Amino acid sequence: RKEVEQDPGPFNVPEGATVAFNCTYSNSASQSFFWYRQDCRKEPKLLMSVYSSGNEDGRFTAQLNRASQYISLLIRDSKLSDSATYLCVVIRGGFKTIFGAGTRLFVKA
Amino acid sequence: SAVISQKPSRDICQRGTSLTIQCQVDSQVTMMFWYRQQPGQSLTLIATANQGSEATYESGFVIDKFPISRPNLTFSTLTVSNMSPEDSSIYLCSVTITGGLFFGSGTQLSVL
């Protein structure tokens, strides 16, 4: 079992839809949590950090559930430009970074 | 965040040759990381580059194949040695700064 698991998708949604991704992690010592976005053949870029109290940035909302060891990303009012791979990232031990395999999202007109 | 310059952005190489990838950061950082991302896969950490000491390699990666230099707190190189087609991948350098992990733009390597 991988330490960080994501549904690979792909998620195919129409413009304007709301879509949610989940990610589970197995190591309870995990300390920091992030969502990254990666476009095809580009480097991953930080989308947002994830906190237990929830974190919202415009159309994007991230949530951490430590008890159940999962994090989520909600995208509202999807845009064509949201099409990308979304990576769940977990850090433990100060700097040990573990990447999920990514969830592919396709937003269609 | 940080500005991370990585070069070359892409290269096509013959098997048996070596390629050195450079990574320059606009601020001093203690640790720099080198990742590999094979087609359709997620990122795999190759090694952690520390200034003033040898790099720390992850399981499956060795110094003879992926020698790393870290001459100062803003610069690192990764060499892919004696390349084979299996080394075709995207190679990424990254740094950790308050707020997250930030990446260079990557080097897309194709080995013929």
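Residues numbered from 1 in each chain as written. Chains lettered and ligands numbered in written order. Predicted model: local features only at pLDDT ≥ 70, side-chain atom pairs only at ≥ 80, totals over all residues. Heavy atoms only, no water.

Participant: Mind laying out the interface of chain B and chain A, listing which residues take part and the relevant values?
Facilitator: Of the residues lining the interface, 18 residues belong to chain B; the matching set on chain A comes to 15 residues. Between chain B and chain A, roughly 1,400 Å² of surface is buried when both sides are summed, and carbon and sulfur atoms account for 59% of that area. The three residues of chain B that bury the most area against chain A are Ser 42, Leu 101 and Phe 103 of chain B, which together make up 30% of that side's buried surface. At the boundary of chain B with chain A, the tally comes to one salt bridge. When the shortest N-O distance is used, the salt bridge between Glu 58 of chain B and Lys 96 of chain A registers 2.9 Å. Elements with a contribution of two residues or more to the side of chain B that touches chain A: β4 (31-37), β5 (43-50), β9 (89-97) and β10 (100-103) of chain B. Of the residues that constitute the side of chain B that touches chain A, the class distribution is nine nonpolar, eight polar and one charged. (Contact = heavy atoms within 4.5 Å. Buried area = accessible area lost by both parts, 1.4 Å probe. Salt bridge = Lys/Arg side-chain N within 4 Å of Asp/Glu carboxyl O. Helix = DSSP H or I, 4+ residues; strand = E, 2+ residues; numbered from the N terminus. Nonpolar A, V, L, I, M, F, W, Y, C, P; charged D, E, K, R; others polar.)

Participant: Kindly report on the pairing of β5 of chain B, identifying the contributing residues and their values.
Facilitator: Regular strands have side chains that alternate between both faces of the sheet. Residues and elements named next belong to chain B. Along β5, seven of the eight residues are buried, which leaves the element largely enclosed by surrounding structure. Relative to β5, β4 runs antiparallel, the two being bridged by seven bridges. Bridge pairing in β5 places Arg 36 opposite Thr 44. In this antiparallel pair of consecutive strands, β4 and β5, the connection spans five residues, and Gly 40 shows a positive phi of 75°. (Buried < 20%, exposed > 50% of the residue type's maximum accessible area, 1.4 Å probe, protein only. Pairing = 2+ DSSP bridges.)

Participant: So what's going on with the layout of surface pockets? Which residues, and what values?
Facilitator: Roughly 560 Å³ of volume is contained in the largest pocket. What lines the largest pocket is a set of 27 residues, and nearest its centre among them are Cys 40 and Arg 41 of chain A together with Gln 37, Pro 39 and Gly 40 of chain B. Of all the elements in the fold, those that place two or more residues in the lining of the largest pocket are β9 (84-92) and β11 (103-108) of chain A together with β9 and β11 (107-111) of chain B. Counted by class, the lining of the largest pocket contains ten nonpolar, 13 polar and four charged residues. Forming the boundary of the second largest pocket are 19 residues, of which Ile 98 and Phe 99 of chain A together with Ser 42, Leu 43 and Thr 44 of chain B lie nearest the centre. Broken down by secondary-structure element, the contributors of at least two residues to the lining of the second largest pocket are β10 (96-99) of chain A together with β4 and β5 of chain B. Considered class by class, the residues forming the lining of the second largest pocket number six nonpolar, eight polar and five charged. (1 Å grid on protein atoms, 1.4 Å probe; cavity = no way out; pocket = protein on both sides within 12 Å on 5 of 7 lines; lining within 4 Å. Points joined across faces, edges and corners; volume = space filled by probe spheres on them.)

Participant: For unusual backbone geometry, give the residues involved together with the corresponding values.
Facilitator: In this structure, Pro 10 of chain A follows Gly 9 of chain A across a cis peptide bond, with omega equal to 5°. Mapped onto the fold, Pro 10 of chain A is located in the loop between β1 (4-6) and β2 (11-14). In this structure, Pro 8 of chain B follows Lys 7 of chain B across a cis peptide bond, with omega equal to 0°. Its identity as a non-glycine residue notwithstanding, Gln 69 of chain A has a phi of 60°, on the positive side. Position of Gln 69 of chain A relative to the elements: it lies in the loop between β7 (60-65) and β8 (70-75). The phi torsion at Asp 77 of chain A lies on the positive side, around 50°, for a residue other than glycine.

Participant: How would you summarise the packing of aromatic side chains if you had to cite specific residues and measurements?
Facilitator: Tallied over the entire structure, the rule returns ten aromatic pairs over all chains. Every member of this aromatic cluster is reached through a ring pair, and the members are Phe 34, Tyr 36 and Phe 99 of chain A together with Tyr 35 and Phe 103 of chain B. (Phe/Tyr/Trp six-rings, centres within 6.5 Å; stacked < 30°, edge-to-face > 60°.)

Participant: Pulling in residues and values, what's your account of the environment of Arg 92 of chain A?
Facilitator: All names here are of chain A. Structurally, Arg 92 can be placed in strand β9. Residue classification places Arg 92 among the partly exposed residues on the basis of a relative accessible area of 21%. Residues Arg 92 and Glu 56, 36 residues apart in the sequence, show an inter-C-alpha distance of 23 Å. Discounting residues that sit within four places of it in the chain, Arg 92 has contacts with Glu 3, Asn 27, Ala 29, Ser 30, Gln 31 and Ile 98. Here the side chain of Arg 92 touches Glu 3 through a polar contact of 2.6 Å, side chain to side chain. (Polar contact = N/O pair within 3.5 Å; in protein donor to acceptor, adjacent residues only side chain to side chain.)

Participant: Explain the side chain of Ser 89 of chain B to me, using residue names and the numbers behind them.
Facilitator: Residues and elements named next belong to chain B. Turning to its location among the elements, Ser 89 is positioned in strand β9. When its relative accessible area of 4% is taken as the criterion, Ser 89 is described as buried. At 3.4 Å, the side chain of Ser 89 forms a polar contact with the backbone nitrogen of Gln 38. Setting aside residues no more than four positions away along its own chain, Ser 89 makes contact with Arg 36, Gln 37, Gln 38, Thr 107, Gln 108 and Leu 109.

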